[in-house]
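Coordinates in review
Here is what each chain is made of, one letter per residue.
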Amino acid sequence: MDDTGNLKVVFHDFPGEAQGFELIARFCYNKGRTENTPPNLVLLNCAAQFKEMESDGPRPSSFWTWSELLVALKECQDLLSTSNSSVILDKVLDCVIGRLTSAIVASPYTSSSENSSFQCSCETRSSCSIRSNFSQISRWIEDLRFLNIDLIDKVIKMMISQHFDHATISRFLFFYQRSRFLSATLNEKCKIAEVIINLLSLLERSSLSCKLLFDLFRLASSLKISKHCKSILENLIASQLDQATIDFLLVPSPQRKGYMYDVNLVLRLVKAFCNKESFCLSPARLRKVATLVDSYLVEVAADPQLNPSKFSALVMLLPDSARESHDRLFLAIDIYLEVHGGLREAEYMRICSALNYAKLSTDALRHLARNSKFP
């Protein structure tokens, strides 16, 4: 009640404020006659939900264009909290996912800048398959990047439940992460990284890019993401380790570590690869990882700060059957012994015991015969 004695009702946080209240009043007391635009429809439903009205409001139309669906989705994002259930948000998301899975994402974007600050790159488009190449699907990928990370989580999980192409989802998630990181705060980057890592873990491993996973790892390493998420990301990388190149593995060591590269990371990745793939690990994949590890050994062997226990752990990491030739392993051990003189007998013998002389080439054996560093 105000100072004049009149009863006064105040709605705090009413969706759309005065515009939303006027719109629902017109809808209720004007026999539902309102302009049925996507923003109005979303606002009416949000206002009805706020007022706990039992009757259903108007719903998205199957005749809406792709651009109108995007406008409705943007309106939902602005008006609703994704932590709360919302019928209108679910309906709009159903329409968006349905349109993508049916590959009907064409029609011009008609909303003007006066009506909405949201602008998307929806030019006239031809229908395209969701399983087509990246250039064909890049337009809808760009259109959805305005979504906040909570809505991305909902959208991707809906896509997965409807058997959307996992390779396409993977491309979108990496694109979204790169584009949103450009303007995100440190806390926002942490949340985006964690959500994306969890979403990537739901996808088929063959749909993931090893290079992009390593790129994400480098970014995540500079953020304070949870240990759980970091472990998930490492396991994802490990599952694709046979697709990696030596450049991917040359990750600088963490601060306060004396050695040049993050040897512990490589130890964890290779162990995870062997453990997770042990039942379905083909000899060809194992040989690829062995070749990768040997190249890594040659790179790190010259680091004077790399202690013997770490190097011996690397050389003993894979079974003898993983290598058809031990020439590169011999080269790495030779370099390490050259740089690290004065090793204890036990350390020296442990490192050298990894070498199988029967798998050395004639040239390597000739070099070994003249090499006083080996027993």
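Quick caveat, the model's predicted, so the values are computed rather than measured.

**A closer look at the overall build of the protein chain**
Looking only at helices and strands, one finds 17 helices and zero strands in the protein chain. Out of the 375 residues in the protein chain, the part that is buried amounts to 46%. A fraction of 69% describes how many contacts in the protein chain between residues 6 or more apart in sequence connect residues 24 or more apart. About 19,800 Å² of surface is accessible on the protein chain, with carbon and sulfur atoms providing 50% of the total.

**Side note on unusual backbone geometry**
Of note, the phi angle at His-163 is positive, near 60 degrees, even though the residue is not glycine. Note on placement: His-163 falls in the loop between helix H6 (149-161) and helix H7 (166-181).

**Remarks on the confidence of the model for the protein chain**
In low-pLDDT segments, the atomic positions of the prediction should not be examined closely. With 73% of its residues at a pLDDT of at least 70, the protein chain reaches an overall mean of 81. Ranking the helices and strands of the protein chain by mean pLDDT puts helix H8 (residues 186-200) first, with 97, and helix H1 (residues 17-29) last, with 61. With pLDDT under 50 throughout, residues 104-136 is counted as low confidence; its partners more than four residues away or in other chains account for 65 contacts.

**Some words on the packing of aromatic side chains**
The description of two aromatic rings rests on the distance between their centres and on the angle between their planes. In the structure shown here, the tally under the stated rule is six aromatic pairs. Geometrically, the ring pair formed by Phe-172 and Tyr-176 is tilted, given 6.0 Å between the ring centres and 40 degrees between the ring planes. Placement of the pair is Phe-172 and Tyr-176 together in helix H7, with a separation of four residues, close to one helical turn. Take Phe-172: its relative accessible area is 1%, and that puts it in the buried class.

**Topic: the side chain of Asp-242**
By secondary structure assignment, the location of Asp-242 is in the loop between helix H10 (227-239) and helix H11 (246-249). Residue classification places Asp-242 among the buried residues on the basis of a relative accessible area of 9%. A polar atom in the side chain of Asp-242 sits 3.2 Å from the side chain of Gln-243. The residues touching Asp-242, leaving out its near neighbours within four places in the chain, are Phe-273, Arg-285, Lys-288 and Val-289.

**Comments concerning helix H3 (residues 66-79)**
The end-to-end C-alpha distance of H3, which contains 14 residues, comes to 20 Å, matching closely the 20 Å that a straight helix rising 1.5 Å per residue would cover. The element H3 is extensively covered by neighbouring structure, given that 10 of its 14 residues are classed as buried. Those residues of H3 that fall on the buried side of the exposure criterion are Trp-66, Ser-67, Leu-69, Leu-70, Val-71, Ala-72, Leu-73, Lys-74, Cys-76 and Gln-77.

**As for the pattern of salt bridges**
Two side chains carrying opposite charge are able to pair once their charged atoms lie near each other. For the coordinates displayed, the defined rule picks out 13 salt bridges. Note that Lys-191 is salt-bridged to Asp-150, the shortest N-O span being 3.2 Å. One end of the pair, Lys-191, is in helix H8; the other, Asp-150, is in helix H6, and 41 residues separate them in sequence. Note that Asp-363 and Arg-366 form a salt bridge whose closest N and O atoms lie 2.8 Å from each other. Linking Asp-363 with Arg-366, this pair stays in helix H17 (residues 362-369), spanning three residues, or about one helical turn.

**Points about the environment of Trp-64**
Among the secondary structure elements, Trp-64 is positioned in the loop between helix H2 (38-50) and H3. Among the residues examined, Trp-64 registers a relative accessible area of 7% and is labelled buried. Look past the residues within four positions of Trp-64 in its chain and what remains in contact with it is Pro-38, Leu-41, Leu-69, Ala-72 and Arg-99.

**A few points about the side chain of Asp-294**
For Asp-294, the position within the fold is in helix H13 (residues 283-300). For Asp-294, a relative accessible area of 5% gives the class buried. Ignoring any residue separated from it by four or fewer positions in sequence, one finds Asp-294 in contact with Arg-323, Arg-328 and Leu-329.

**A closer look at the packing of H6 against H7**
For any two helices packed against each other, one specifies the crossing angle of their axes together with the interaxial distance. Running from amino to carboxyl end, H6 crosses H7 at an angle of 170 degrees, the nearest separation of the two axes being 11 Å. Considered as vectors, H6 and H7 are oriented roughly antiparallel to each other. Contacts between H6 and H7 involve Ile-149, Ile-152, Ile-156, Met-159 and Ile-160 from the former and His-166, Ile-169, Phe-172, Leu-173 and Tyr-176 from the latter. When grouped by side-chain class, the residues that make up the contact of H6 with H7 number nine nonpolar, one polar and no charged.

**Some points on the nonpolar core**
Counting 112 residues, the largest nonpolar core has Leu-144, Met-159, Leu-173, Leu-200 and Phe-311 as its most contacted members. Excluding residues that lie within four positions of it along the chain, Leu-144 makes contacts with Trp-66, Leu-70, Leu-73, Leu-100, Ile-152, Met-159 and Phe-172.

**A look at helix H4 (residues 87-101)**
A rise of 1.5 Å per residue sets the reference length of H4, with its 15 residues, at 21 Å; its end C-alpha atoms lie 21 Å apart and thus fit the reference within 8%. Residues of H4 that are buried: Ile-88, Leu-89, Val-92, Leu-93, Val-96, Ile-97, Arg-99 and Leu-100. When H4 is viewed along its axis, its buried side chains cluster within an angular range of 160 degrees and face the same direction.

**Re the environment of Tyr-296**
By the element assignment, Tyr-296 lies in helix H13. Owing to a relative accessible area of 0%, Tyr-296 belongs among the buried residues under this scheme. Between the C-alpha atom of Tyr-296 and that of Tyr-261, which follows or precedes it by 35 residues, the distance is 9.9 Å. Discounting residues that sit within four places of it in the chain, Tyr-296 has contacts with Ile-246, Leu-249, Leu-250, Tyr-261, Asp-262, Val-263, Val-266 and Leu-314.

**Remarks on the packing of H6 against H8**
Running from N to C, H6 and H8 point in directions that differ by 5 degrees, and their axes come no closer than 10 Å. Taken as axis vectors, H6 and H8 run roughly parallel relative to one another. Contacts between H6 and H8 pair Ile-149, Asp-150, Ile-152, Asp-153, Ile-156 and Lys-157 from the former with Lys-191, Ile-192, Val-195, Ile-196 and Leu-199 from the latter. Grouping the constituent residues of the contact of H6 with H8 by class yields seven nonpolar, no polar and four charged.

What counts as what
Within each chain, residue numbers correspond to sequence positions counted from 1 in written order. Given that the model is predicted, a residue must reach a pLDDT of at least 70 before its local features are reported, and side-chain atom pairs must reach 80 or more before they are shown or counted; all residues, however, enter totals for whole chains, interfaces and linings. Working from all heavy atoms in the structure, the side-chain values ignore hydrogens and water. Counting from the N terminus, the helices are the DSSP runs of H or I reaching at least four residues and the strands are the DSSP runs of E reaching at least two. To sort residues, take the accessible area from a 1.4 Å probe on protein chains only and compare it with the maximum for the residue type: under 20% means buried, over 50% means exposed, and anything in between is partly exposed. Two residues form a contact once any of their heavy atoms are found within 4.5 Å. What sets the accessible areas is the Shrake-Rupley method with a 1.4 Å probe; for residues, cover comes only from the shown protein chains. As a per-residue measure, pLDDT reflects the predictor's confidence and takes values from 0 up to 100. Two rings from Phe, Tyr or Trp (for Trp, the six-membered ring) form a pair when their centres sit within 6.5 Å of each other. Planes less than 30 degrees apart are called stacked, planes more than 60 degrees apart edge-to-face, and all others tilted. Polar contacts here mean pairs of N or O atoms no more than 3.5 Å apart (in protein, one a potential hydrogen donor and the other a potential acceptor; neighbouring residues in sequence count only if both atoms are side-chain atoms). To estimate the expected span of a helix, subtract one from its residue number and multiply by 1.5 Å. Take a side-chain nitrogen of Lys or Arg and a carboxyl oxygen of Asp or Glu: if they are within 4 Å of each other, that pair is a salt bridge. Every angle, taken between N-to-C directions, lies between 0 and 180 degrees, and every axis is a line fitted to C-alpha atoms, over only the stretch in contact when it is a helix. To sort the angles, those under 35 degrees are grouped as roughly parallel, those over 145 as roughly antiparallel, those from 65 to 115 as roughly perpendicular, and the leftovers as oblique. Think of it as three bins: nonpolar holds Ala, Val, Leu, Ile, Met, Phe, Trp, Tyr, Cys and Pro, charged holds Asp, Glu, Lys and Arg, and polar takes everything else, Gly as well. By convention a nonpolar core is built from buried Ala, Val, Leu, Ile, Met, Phe, Trp, Tyr and Cys residues, the set being connected through side-chain atoms within 4.5 Å. To obtain the arc, one takes the directions from the helix axis to the C-beta atoms.

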